[in-house]
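# A structural walkthrough
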Amino acid sequence: MWGAYAAAHPAAVRAAPEHAVEAFGDTARLADELLSLVLEGRKRATAELVDEFTARGEALPRVGGHWIACDGSGAPRVVLRSTELRLGPSTSCEESFAAAEGEDDGTLESWRREHRRYWERTCAARGAVWSEDDEVVFERFTVVWPPEHAD
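Summary of the structure given here. Nothing here was measured: the structure is a model prediction, and the numbers come from that model.

## Structural notes on the sheet that holds strand 2 (residues 45–49)
In spatial order, the strands read 1-3-4-5-2; together these five strands make up an open sheet with mixed pairing. Bordering the open sheet on either side are strand 1 (19–23) and strand 2, each of which pairs with just one other strand. Taking the axes of each pair of neighbouring strands and ignoring which way they run, one obtains an average angle of 40° across the sheet. One ladder, built from five bridges, connects strand 3 (residues 66–70) with strand 4 (residues 76–89); its direction is antiparallel. By the bridge assignment for strand 4, W67 is matched with L80. Packed onto the sheet, helix 3 (residues 28–40) meets strand 1, strand 3, strand 4 and strand 5 (135–145) and runs at close to 95° relative to strand 4.

## Some thoughts on the environment of Y118
Mapped onto the fold, Y118 is located in helix 6 (residues 108–125). Taking relative accessible area as the criterion, Y118 reaches 14% and is therefore assigned buried. The spatial distance from the C-alpha of Y118 to the C-alpha of G25 is 8.3 Å, given a sequence separation of 93 residues. With residues up to four places along the chain from it excluded, the contact list for Y118 reads G25, D26, L30 and E48.

## Observations regarding the layout of surface pockets
Computed from the structure, the largest pocket encloses a volume of approximately 890 Å³. Along the walls of the largest pocket sit 39 residues, with A23, F24, G25, T46 and E48 positioned nearest its centre. Where the lining of the largest pocket is concerned, the elements lending two or more residues are strand 1, helix 3, strand 2, strand 3, helix 6 and strand 5. Here the lining of the largest pocket is built from residues that sort into 14 nonpolar, eight polar and 17 charged.

## Let's talk about the nonpolar core
Counting 27 residues, the largest nonpolar core has F24, V38, L80, W111 and W119 as its most contacted members. Of all the elements in the fold, those that place two or more residues in this core are helix 3, strand 2, strand 3, strand 4, helix 5 (95–101), helix 6 and strand 5. With residues near it in sequence (within four places) discarded, W111 still touches A47, S90, C93, F97, A98, E101, W119 and F138. Of all hydrophobic cores here, the second largest spans eight residues; its members include W2, Y5, V13 and W145.

Parameters and conventions
- Residues numbered from 1 in each chain as written.
- Predicted model: local features only at pLDDT ≥ 70, side-chain atom pairs only at ≥ 80, totals over all residues.
- Heavy atoms only, no water.
- Pairing = 2+ DSSP bridges.
- Helix = DSSP H or I, 4+ residues; strand = E, 2+ residues; numbered from the N terminus.
- Axes fitted to C-alpha atoms, helices over the stretch in contact; angles between N-to-C directions.
- Contact = heavy atoms within 4.5 Å.
- Buried < 20%, exposed > 50% of the residue type's maximum accessible area, 1.4 Å probe, protein only.
- 1 Å grid on protein atoms, 1.4 Å probe; cavity = no way out; pocket = protein on both sides within 12 Å on 5 of 7 lines; lining within 4 Å.
- Points joined across faces, edges and corners; volume = space filled by probe spheres on them.
- Nonpolar A, V, L, I, M, F, W, Y, C, P; charged D, E, K, R; others polar.
- Core = buried A, V, L, I, M, F, W, Y, C linked by side-chain atoms within 4.5 Å.

What follows is the structure, given as C-alpha cells:
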C-alpha cells in the first residue's frame, strides 16, 4: 500500500518519508469499528495519550506525517496524513473535535465518557493510572490513499 501511494504522490512522501503502521484502538473489534467510520467519511480525527506513544517507543505524529491504518487483522486499509495537531489535557477537547472523531453520537459528553473508559483501560494495561491532566495528542487527518477513499 505504501509503495503504491509513494508512486502516485512522490512529493508528499519526500516531504514526510517516515510512516507509522497501526490500528485504531486496543482490540481488533475496536480497530474494525473505528476504521469503518474512517471509510464512511465520518471519522477525521483521533486522540491518543502522549504517554502511549512514549510507552510504545514511538515519536509523536507531526503535521504532514503519514500513517497506515490497519484493520483488526492487521491488514493495511488506508493511508492517512496528519493535517493538524494539538497537545493538551483531555478537558481541553472541543465540541468540533469530538464531532470530527465521529464516534458514538458525536457529542463532547460521549467523547469524554468513552475516552475516559478507553484511557483508564489502556493505562491500566501498562501499569499506569489515567488522569484528566495527562497530555493528549489531538490529531486531525485526511485519507490520502487508496483513491476511492481519499478526501
